[in-house]
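Chain by chain, the residues:
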Amino acid sequence: MTKNCTPTFLAHLAAGLRFHLGFTRLLALILLTGLTTSLTALAADETLDVQYLRIYSQIDQADSFSANGNEVSAKQTYKDAQAALQAFKKNNPTWNASLVAYRLNYLVQKIDPQPAVILAEVKNTAVTPKPAQKTSPKPVSKNATASPAPTVKLISAGAEPRKELRIRSKVGDKQNLEFTTKMAMDMGTGQTMKMPATKMTLEVTVQNVSAEGDISYDAIIGDVTVLDEPGVLPQVAESMKASLNGMKGLSMKGVMSDHGVTKSFDIKIPAGVAPQMRQAMEQMKESLANISTPFPDEAIGIGAEWEFKLPIKSQGMKIDQVTIYQLISTKENGANVASKITQNAANQKITNPAMPQMKIDLIQLTSEGSGNVTFDLTKPLPVSGTMKSSTASAMGMNIGGKVQEMNMKMDMNMRLESK
């Protein structure tokens, strides 16, 4: 069993975990990406299998970008993977030469498709890529069903008086928020690694409000600070500082309904971003579409409860998320809401047709969290809040007939304040 969980798989796993506090989800991913960079620097003793798997995960992400039509990000990620794999081959020339050569050929075709034969250094033989086969659309089975849609269900309307909760922002409205995040992780060693606390500021500006009430806004990350704390490894703190330094000035755009449901989200990725950070940002674009703190359609009063079910499919994993919200208090333009969130993924096989040599079993994924947020209903995002969550996962991988198990536990605490 390996004692070092691959950084890329941590980033992929994190991309599947949706937190209900909106932008804290974004910042948690940024922090975790900084952490994975730190772990990469510390994991000098990781096995060659795990090093190769980390590079392959970049290729897998590039394939995902390409499949979704994001060719610019796909090509850049293919190039990053190619450089990493070439360095891997140079340092480890005898490690599974045929597999490395096959994957290098694959990258050449993806980066610069050529009809000519591509030579591979596999037992001094030439490998000719197979011509693309014409395929006909597969008929849709009569029993096929679409993926379940997110649902909001009122459990209890609460006490009288009741009213509909809706966000009523105006063009030009601004919010200045500060997020403080603390994390601790166990990478399967049985020892908890404490992460330094991090503070980030966010400036949000409402750009448009549609006739239907949809709110379009811009957001910019301001200061990013890694706090000095006792018990944190200095190299981890320094690596996180270096990773997060480039986050200042990162700009984002979002659209949310007046019910508080995120309808779209995009991030402007600056040039020169490190490959792992670029991957994490691209994953955010996909996953933030599922971020919601939804209000029910019905009028509600103190004590009201409602359920939000959100099926998630991320990096080959199917995860069921259920959040129970409770209305704690209201005022003329505000509300305080508590929440409890659970995530569960059944035992499932994660397959990737691009690399049949690697078989992955998700053994278990569970997550529990609780939070409390306060809304000013004239603002697009909560004005204050706290959240804590605990996540545990276990995966088994078969690489060349050798099974490796990866385990991770992560505890996270977040606090949101208006500035």
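For clarity, every value in this text was computed on a predicted model and none was experimentally measured. (Residues numbered from 1 in each chain as written. Predicted model: local features only at pLDDT ≥ 70, side-chain atom pairs only at ≥ 80, totals over all residues. Heavy atoms only, no water.)

What about the environment of Ser-251?
Mapped onto the fold, Ser-251 is located in strand β8 (residues 251-256). Residues Ser-251 and Ile-267, spaced 16 residues apart in sequence, show a C-alpha to C-alpha distance of 6.2 Å. The residues contacting Ser-251, other than those within four sequence positions of it, are Ala-219, Ile-220, Ile-267 and Lys-268. (Helix = DSSP H or I, 4+ residues; strand = E, 2+ residues; numbered from the N terminus. Contact = heavy atoms within 4.5 Å.)

Some words on the packing of aromatic side chains
Here the structure, examined in full by the defined rule, presents three aromatic pairs. Between Phe-88 and Trp-95 the ring centres are 5.3 Å apart and the planes differ by 85°, which places this aromatic pair in the edge-to-face class. Pair check on accessibility: Phe-88 and Trp-95 agree, each one buried. Judged by centre distance (5.2 Å) and plane angle (70°), the rings of Phe-295 and Phe-375 are edge-to-face. (Phe/Tyr/Trp six-rings, centres within 6.5 Å; stacked < 30°, edge-to-face > 60°. Buried < 20%, exposed > 50% of the residue type's maximum accessible area, 1.4 Å probe, protein only.)

Details of the pattern of salt bridges
Two side chains with opposite charge may pair up if their charged atoms get near one another. Under the criterion given, the structure shown has nine salt bridges. When the shortest N-O distance is used, the salt bridge between Glu-160 and Arg-162 registers 3.2 Å. One salt bridge connects Arg-166 with Glu-164, and the closest N-O pair in it is separated by 3.7 Å. The exposure class assigned to Arg-166 is buried, which follows from its relative accessible area of 10%. (Salt bridge = Lys/Arg side-chain N within 4 Å of Asp/Glu carboxyl O.)

With respect to the nonpolar core
Core analysis: the biggest nonpolar cluster contains 59 residues, and Phe-295, Trp-306, Leu-327 and Val-337 have the highest contact counts within it. Residues in contact with Leu-327, not counting those within four places in the same chain, are Leu-165, Ile-300, Gly-301, Ile-302, Gly-303, Ala-304, Trp-306, Ala-335, Asn-336 and Val-337. Ranked by size, the runner-up nonpolar core spans 18 residues in total, among them Phe-65, Tyr-78, Phe-88 and Tyr-106. (Core = buried A, V, L, I, M, F, W, Y, C linked by side-chain atoms within 4.5 Å.)

Here's the deal with the pairing of strand β12 (residues 334-345)
Taken across its twelve residues, β12 has nine buried, putting it largely inside the fold. Note: strand β11 (residues 317-331) against β12, eleven bridges, orientation antiparallel. Across the sheet, the residue bridging to Ser-329 is Asn-336, located in β12. Linking two consecutive strands that pair antiparallel, namely β11 and β12, is a turn of two residues. (Pairing = 2+ DSSP bridges.)

Here's the deal with unusual backbone geometry
The linkage connecting Glu-160 with the following residue, Pro-161, adopts the cis geometry, with an omega of -5°. By secondary structure assignment, the location of Pro-161 is in the loop between β3 (151-156) and β4 (174-186).

Concerning the environment of Thr-262
Secondary-structure assignment places Thr-262 in strand β9 (residues 262-268). When its relative accessible area of 12% is taken as the criterion, Thr-262 is described as buried. In sequence terms Thr-262 and Asp-214 are 48 residues apart; their C-alpha atoms lie 9.5 Å from each other.

Quick look at the packing of helix α4 (residues 71-91) against helix α5 (residues 97-111)
Their axes nearest at 10 Å, the elements α4 and α5 cross at an angle of 150°. The angle between the axes of α4 and α5 places the two elements in the roughly antiparallel class. Two packed elements cross with a definite hand, and for α4 against α5 that hand is left-handed. On α5, the residues that touch Lys-75, Tyr-78, Lys-79, Ala-81, Gln-82, Leu-85, Gln-86, Phe-88 and Lys-89 of α4 are Val-100, Arg-103, Leu-104, Tyr-106, Leu-107, Val-108, Lys-110 and Ile-111. Tallied by class, residues from the contact of α4 with α5 come to ten nonpolar, two polar and five charged. (Axes fitted to C-alpha atoms, helices over the stretch in contact; angles between N-to-C directions. Parallel < 35°, antiparallel > 145°, perpendicular 65-115°, else oblique. Left-handed = near helix turned anticlockwise from the far one by under 90°. Nonpolar A, V, L, I, M, F, W, Y, C, P; charged D, E, K, R; others polar.)

What about α5?
The terminal C-alpha atoms of α5, which comprises 15 residues, lie 21 Å apart, in line with the 21 Å expected from a rise of 1.5 Å per residue. Where α5 is concerned, the buried positions are Leu-99, Val-100, Ala-101, Arg-103, Leu-104, Asn-105, Tyr-106, Leu-107 and Ile-111. (Expected span 1.5 Å × (residues − 1).)

Quick word on the confidence of the model for the protein chain
Looking at the protein chain as a whole, the pLDDT averages 75, with 70% of positions reaching at least 70. Predicted confidence for residues 1-46 stays below pLDDT 50, and this span has 161 contacts to residues more than four positions away or in other chains. Per-residue pLDDT stays below 50 along residues 115-147; that stretch engages in 22 contacts with residues further than four places along the chain or on separate chains. (pLDDT = per-residue confidence, 0-100.)

Topic: the side chain of Gln-82
With respect to the secondary-structure elements, Gln-82 resides in helix α4. Discounting residues that sit within four places of it in the chain, Gln-82 has contacts with Leu-104, Leu-107, Val-108 and Ile-111.

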